[in-house]
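Structure assessment
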Amino acid sequence: MRPLAPSAARALAAVVGPEHLLTDPAVTAGHAVDWTGRFRGATPAVVRPGSIGEVAAIVAVAREEGLALVPQGGNTGLVGGSVPLAGEVVVSTARLAGVTAVDPDAGLLTAGAGTTIAAVHAAARAAGWAYGVDWAARDSATVGGSIATNGGGLHVVRHGPTRAQVLGVQAVWGSGAPLDDLGRLEKDATGYDLSGLLCGSEGTLGLVTAARLRLVPHLPERALAALAFASMADAVVAVGALRRGLPGLEAAEAYRAAEADLVAGHLGVAPALAPPPPVTVLVEAAGHDDPVDELAAAVAGLDGVVDAVVATDGPRRAALWRHRESLTEAIATLGPHHKLDVSLPAPALAAFAEEVPARVAEVAPAARTWLFGHLGDGNLHVNVSGVDPDDHAVDDAVLALVLDRGGSISAEHGVGTAKRAWLARQRGSDAVAAMAAVKAALDPDGVMNPHVLL
Ligand SMILES: Cc1cc2nc3c(=O)[nH]c(=O)nc-3n(C[C@H](O)[C@H](O)[C@H](O)COP(=O)(O)OP(=O)(O)OC[C@H]3O[C@@H](n4cnc5c(N)ncnc54)[C@H](O)[C@@H]3O)c2cc1C
């Protein structure tokens, strides 16, 4: 890693103040490794701007000094996009945090890029609304990171991914020019969707400093069922039926018996359904009125359910949700592992789930494959433990199978550095060339996350 030139260090310190330019390796090390421990890099500095003006000045210094920048929010990203793998300077959004405005009549909320998803939920709730995007890393993952990855999570089946919640973004492009779309309204048909361009851009076009987000009605009444299926094929058909017939459907999350045992052992509790069936699906419904009868009727009409438990009160729902939400953490206890977040067309999903462990075993006989995901969106998380972090054979085997079955190599985590080699195979060379042209226009010197995505 190249140390920061004295002129660059002086210029960055002049922008943010010396206390927000971190160069002590003991302090910066935590910013250089990802959540899984698979992606480890090093950085000469972490810089923490406190305003959009400071971000623009940092980008100007980077262009002048030939520095590469990696934007970093909560550092919960799972594809190696948020860490400085090639000695880049990390730009932390920690000081760009806070909800600055809530419009309770329009159902809109404005927040700094470093605001956590949990803080957005709290502010929305205080205004009588809810935020439609949620997942287990909510206490650390940020607004900026969720936009940059187009994060999905538990409620995509009802509200869509982050892209569907973003009305407007404030950002600094890699050119140093600002974008101020924070005033955009629900209906606005004026030209290109520049804020939308930043959704899924993974820090390669610019740094998001704030966003105006769409809120959804708060639905106070909830019911959760854990359904047992003999096969993934039965579960896929049942979830399709629930999407058609259960208007209050908020989430449909699946995992297999192996994951049920792993997470129960990790939590030190009995599995949600004991003994764990081949496939467990957690189905949540929400409404203004108690949805338990609606949920029970929908479940009663399903084929293939071999057992079920329903939780109506908060503590029992939370206890059931812990089984699903602690899965990532439980797998992490097995050591650094490969995480492959993919989506499949519904007709191909069950066969893929059956076949993928064998494909992994062919290239890595000692590996274990763990499968769970957001079944309502055709999204599976393929986790592989017991392989070297730098061994790409497993990734290649899984992603080749995904493409062969008409799926997507990234459902919600992004491409990062982990899947960069696969982007053209997924999207085609014309689409990648168009993306490169957009990047060249908005980040002409290539200072923004140059080793990610493209
Ligand atoms: C336990 C656990 C569960 C998870 N569950 C889900 C899930 O269900 N669904 C899901 O979608 N994800 C999930 N994730 C992944 C992760 O939380 C998301 O990808 C999240 O959006 C990352 O946000 P972050 O603030 O941590 O971003 P980071 O990890 O810091 O960064 C992610 C990417 O965004 C870029 N970036 C960050 N901030 C900005 C900014 N302000 N401007 C421009 N670029 C920026 C980074 O450069 C990087 O490329 C999970 C992660 C964990 C650890």
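Details of the structure are given in the entry above.
Predicted model only: the values in this text are computed from it and were never measured.

Let us look at the nonpolar core. The biggest cluster of nonpolar side chains holds 47 residues, and the ones touching the most others in it are V281, F352, L375, V382 and V398. Each of domain 3 (221-328) and domain 4 (334-418) contributes no fewer than three residues to this core. Beyond its immediate stretch of four places on either side in the chain, L375 contacts M232, A235, V236, V239, A252, E253, A254, V281 and L349. Grouped together as the second largest cluster of nonpolar side chains are 26 residues, A113, V143, V169 and L215 included.

Two elements in contact, helix 1 (residues 6-16) and helix 3 (residues 52-65), have axes separated by 9 Å at closest approach and are oriented at 170 degrees. As far as their axial angle goes, helix 3 and helix 1 are roughly antiparallel. Between helix 1 and helix 3, the residues in contact are S7, A8, A11, L12, V15 and V16 and E54, A57, I58, V61 and E65, respectively. When its residues are assigned to classes, the contact of helix 1 with helix 3 shows 8 nonpolar, 1 polar and 2 charged.

Here E250 shows up in strand 13 (residues 249-256). A distance of 3.2 Å separates a polar atom in the side chain of E250 from a polar atom in the side chain of R222. Those residues in contact with E250 that lie beyond four places of it in its chain are L154, H155, V157, R158, H159, L219, R222, E284, A285 and A286.

Here we come to the environment of A130. Relative to the helices and strands, A130 resides in strand 7 (residues 129-130). The class of A130 is buried, set by a relative accessible area of 18%. When neighbours within four sequence positions are excluded, A130 is seen to be in contact with A124, L215, V216, P217 and H218.

What counts and what doesn't
- Counting of residues starts from 1 at the beginning of each chain's written sequence and follows it residue by residue.
- Owing to the predicted nature of the model, reporting of local features is limited to residues with pLDDT of at least 70; listing and counting of side-chain atom pairs is limited to 80 or more, with chain, interface and lining totals taken over all residues.
- Water and hydrogen atoms play no part in the side-chain values, which are based on all heavy atoms of the structure.
- Buried residues of nine kinds, namely Ala, Val, Leu, Ile, Met, Phe, Trp, Tyr and Cys, make up a nonpolar core once their side-chain atoms join them within 4.5 Å.
- Each residue's exposure class comes from its accessible area (1.4 Å probe, protein chains only) as a fraction of the maximum for that residue type: buried when under 20%, exposed when over 50%, partly exposed otherwise.
- Domain ranges listed in this record stem from an automatic or a database domain assignment.
- Residue contacts follow a heavy-atom distance rule, with two residues in contact if any of their heavy atoms lie within 4.5 Å.
- The angle between two axes is taken between their N-to-C directions and runs from 0 to 180 degrees, where each axis is a line fitted to C-alpha atoms and a helix contributes only its stretch in contact.
- Each helix is a run of H or I in the DSSP string that is no shorter than four residues. Each strand is a run of E no shorter than two, and both are numbered from the N terminus.
- Should an angle fall under 35 degrees it is called roughly parallel, over 145 degrees roughly antiparallel, and 65 to 115 degrees roughly perpendicular, with every other angle called oblique.
- All residues other than Ala, Val, Leu, Ile, Met, Phe, Trp, Tyr, Cys, Pro, Asp, Glu, Lys and Arg, Gly among them, are scored as polar; the first ten of these are nonpolar and the last four charged.
- In the analysis that follows, any N or O atom pair within 3.5 Å is treated as a polar contact, provided that within protein one partner can donate a hydrogen and the other can accept it, and provided that, for residues neighboring in sequence, both atoms belong to side chains.

From the geometry alone we can't say anything about function, so treat these as descriptive.
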